[in-house]
Amino acid sequence: MSDQESSTSASQTEGEMDGEMDGEMKGEEEEGEKHRDSPVPGLSSFSTSLSAVMRIKQKYRAMKKRRQDLALGFAADGPLTGAPPRSSPKIFTFDGLTPSSFSSSVPQRNKRKKRKRVLYPNRGGCRAPPKQERSRAKYCLVLLCAIVFIQVYNAIENLDDHVLRYDLDGLEKTLRREVFGQQGAVEGLLSHLKDYLSTYVHNKPLVVSLHGPSGVGKSHLGRLLAGHFRSVVGETLVLQYYVLHHCPQEADALQCAGDLAALISQMVERAEEEEKIPLFIFDEAEHMHAEILDALLQLVASKQSNEYLNAIYLFLSNLGHTHITKHMLHNSSSISMASSASSSGRHSHLVKELTPILRSTLAKLHPLWTEADILPLGLLEKGHVMECFLDEMTREGFYPDHTNIERLAGEIEYYPEAGGHQYSQTGCKQVVAKVNLL
């Protein structure tokens, strides 16, 4: 049976019950009127009316309770069989509710809330959330950084090994001990050598030109360098070229230039095979002929092949000595201030003042000097000459008497004293000859 039919039957039953209740109430009212019309005294009539009202009220309650029980019966088990259908809507009341049902329907506040369950696919169990995939580019970047670090580290180690091969620390100690009065020039030369020998790959050869007056130690410095490089790279990779000895005649200049170029080519090829850097020292370069200078200019040019770029050329000459002498005599006061701080300060002052002058002067003589780094050597003072005598006398086995050394140093010719300095005209050039006369 549908919901509409059950509601219709309930409403019809309810109408019948209302009709019965109305009929009974009318019968009670008629009895009351009969008693009121009877000639019985007033007390009996009042009690009769009160009892009628009480009965009506009891019947009304009984009918109401019956109607509620019927309504609950229809809601629980459906309408009774054979009952007429009702069309009135179902009315909700709180009469049928009990405290137990009310308490069970309302959730208790003190109960702990259940955690929400995580639902997973049916085919799999409890799985951890998938991790986010990392980009492979990060691993490539880490690998690249590691490779670059290893390459740089190996390059640094190779540079250290390359510098240690030439023992520049030992060379520095030798030059500081053997060369007097030119500590600034020694520091400049060692700086060039360290920068160049720190690697085996170069874009041009190292060309250094030392200029100074006679007797200031140019040839002595060249001999010390040659002896040191022979001990580290071998005899065959060091060349000392004296122009007045190897090519004294100007008529043989062209032949000398060809022979010199062939000799240098053989040495640089041998050095390339042995992975070493050769040293070429040209003493008395002021006597070089133009043909020899042209041949050397082609060899030191940066357009040559790789083996020609890995070489050291050292030129020793007295070109520009007049500029050096004049500058030191006329600016002795400023030189004194620079030399009072350190010898390197004195040399930096000389380089700053004399390099532009010497470069412009030498460029007019030949373009080869424009390819070279200029290092001027200054005049020697009387104290430096005395050190030369002491060293030479010790070598020859003489007792280093200070009085005797001062007497020998006094026999040397000096420029007029300027700014508290007494510079020698010949440097230490006459020291060996005077010691041999003892």
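Residues numbered from 1 in each chain as written. Predicted model: local features only at pLDDT ≥ 70, side-chain atom pairs only at ≥ 80, totals over all residues. Heavy atoms only, no water.

Where helix α5 (residues 168-178) meets helix α7 (residues 218-233), the axes come as close as 11 Å, and the angle between the chain directions of the two elements is 155°. Here α5 lies roughly antiparallel to α7, going by the angle between them. For the pair α5 and α7, the sense of crossing is right-handed. On α7, the residues touching Gly170, Leu171, Thr174, Leu175 and Glu178 of α5 are His220, Leu221, Leu224, Leu225 and His228. In the contact of α5 with α7, the residues fall into 5 nonpolar, 4 polar and 1 charged. (Axes fitted to C-alpha atoms, helices over the stretch in contact; angles between N-to-C directions. Helix = DSSP H or I, 4+ residues; strand = E, 2+ residues; numbered from the N terminus. Parallel < 35°, antiparallel > 145°, perpendicular 65-115°, else oblique. Left-handed = near helix turned anticlockwise from the far one by under 90°. Contact = heavy atoms within 4.5 Å. Nonpolar A, V, L, I, M, F, W, Y, C, P; charged D, E, K, R; others polar.)

What follows concerns the sheet that holds strand β3 (residues 279-283). The strands making up a sheet associate through hydrogen bonds between their backbones, and the pairing can be parallel or antiparallel. In space, the 5 strands of this open sheet follow the order β2-β3-β4-β1-β5, with parallel pairing throughout. Here the strands that pair on one side only, and so sit at the sheet edges, are β2 (238-242) and β5 (373-376). Recorded for the sheet is a direction-independent mean angle of 15° between the axes of neighbouring strands. In this sheet, β5 lies alongside strand β1 (residues 206-211) in parallel orientation, the contact comprising 4 bridges. Each bridged residue has a counterpart across the sheet, and for histidine 211 the counterpart in β5 is proline 376. Those strands touched by α7 are β1, β2, β3 and β4 (312-317), and its axis lies near 155° from that of β2. (Pairing = 2+ DSSP bridges.)

Moving on to the packing of aromatic side chains. We describe a pair of aromatic rings using the distance from one ring centre to the other and the angle between the two ring planes. On inspection of all chains with the given rule, the structure shows 6 aromatic pairs. With 6.5 Å between their ring centres and 5° between their planes, phenylalanine 282 and tyrosine 313 make a pair best called stacked. With phenylalanine 282 in strand β3 and tyrosine 313 in strand β4, this pair connects stretches of sequence that are 31 residues apart. The same class applies to phenylalanine 282 as to tyrosine 313, namely buried. Among the aromatic residues, those joined into a cluster by ring pairs are Tyr241, Phe280, Phe282, Tyr313, Phe315 and Trp369. (Phe/Tyr/Trp six-rings, centres within 6.5 Å; stacked < 30°, edge-to-face > 60°. Buried < 20%, exposed > 50% of the residue type's maximum accessible area, 1.4 Å probe, protein only.)

Owing to its 3.6 residues per turn, the α-helix brings residues three or four apart onto one side. Every buried residue of helix α10 (residues 290-300) is accounted for by Ile292, Leu293, Ala295, Leu296, Leu299 and Val300. Each buried residue of α10 lies within a common arc of 160° when the element is viewed along its axis, so the set occupies one face. Structurally, α10 contributes buried residues whose contacts are with β1, β2, α9 (253-274), β3, α11 (306-309) and β4. (Arc of directions from axis to C-beta.)

Here we take up the state of the cysteines. Under the defined criterion, the tally for this structure stands at 2 disulfides. Two residues, cysteine 247 and cysteine 256, share a disulfide whose sulfurs are 2.3 Å apart. For the disulfide bridge between cysteine 247 and cysteine 256, the dihedral angle about the S-S bond is near 95°, and by the sign convention the bridge is right-handed. Using a relative accessible area of 12% as the deciding quantity, one classes cysteine 256 as buried. Each disulfide pairs two cysteine sulfurs, and for cysteine 388 the partner residue is cysteine 428, the sulfurs being separated by 2.1 Å. (Disulfide = S-S within 2.5 Å.)

A separate point is the pairing of β4. Burial within β4 is extensive, with 6 of its 6 residues counted as buried. Burial along β4 is two-sided: Ile312, Leu314 and Leu316 facing one way and Tyr313, Phe315 and Ser317 facing the other are all buried. As paired strands, β1 and β4 are joined by 6 bridges and run parallel to one another. Residue pairing in the sheet places serine 209 in a bridge with phenylalanine 315 of β4. In this sheet, β4 lies alongside β3 in parallel orientation, the contact comprising 4 bridges. Across the sheet, the residue bridging to isoleucine 281 is leucine 314, located in β4.

To continue, consider the confidence of the model for the protein chain. Considering every residue of the protein chain, the mean pLDDT works out to 78; 68% of them sit at 70 or more. Below pLDDT 50 for its whole length, residues 35-41 participates in 2 contacts with residues either more than four positions away or in separate chains. Every residue in residues 79-83 is under pLDDT 50, and counting partners more than four places away or in other chains gives 7 contacts. (pLDDT = per-residue confidence, 0-100.)

Following the sequence through the fold, glutamate 178 ends up in helix α5. The class of glutamate 178 is buried, set by a relative accessible area of 11%. Sequence separation between glutamate 178 and cysteine 388 is 210 residues; the distance between their C-alpha atoms is 9.0 Å. Beyond its immediate stretch of four places on either side in the chain, glutamate 178 contacts His220, Leu224, Asp391 and Arg395.

Turning our eyes to something else, we now look at the pairing of β1. Taken across its 6 residues, β1 has 6 buried, putting it largely inside the fold. Judged by which residues are buried, β1 turns out to be covered on both faces: Leu206, Val208 and Leu210 on one side and Val207, Ser209 and His211 on the other are all buried.

As a further point, take the pattern of salt bridges. Under the criterion given, the structure shown has 10 salt bridges. In this structure, the salt-bridge partner of lysine 194 is glutamate 172, at a minimum N-O distance of 3.7 Å. Of the two residues, lysine 194 is situated in helix α6 (residues 183-197) and glutamate 172 in helix α5; the sequence distance between them amounts to 22 residues. A salt bridge links lysine 276 to glutamate 274; its shortest N-O distance comes to 3.9 Å. Classification of lysine 276 by relative accessible area gives partly exposed; the value is 21%. A residue is classified by how much of its surface remains accessible, and glutamate 274, at 35% relative accessible area, is partly exposed. (Salt bridge = Lys/Arg side-chain N within 4 Å of Asp/Glu carboxyl O.)

Residues Leu141, Leu144, Val148 and Val152 make up a contiguous nonpolar surface patch of about 360 Å² in total accessible area. Structurally, the position occupied by valine 152 is in helix α4 (residues 136-166). For valine 152, a relative accessible area of 43% translates into the label partly exposed. (Patch = residues over 30% accessible without salt bridge, like charges linked within 9 Å, V, L, I, M, F, W, Y side chains within 5 Å. Areas by Shrake-Rupley, 256 points an atom, 1.4 Å probe, with all protein chains shown as cover.)

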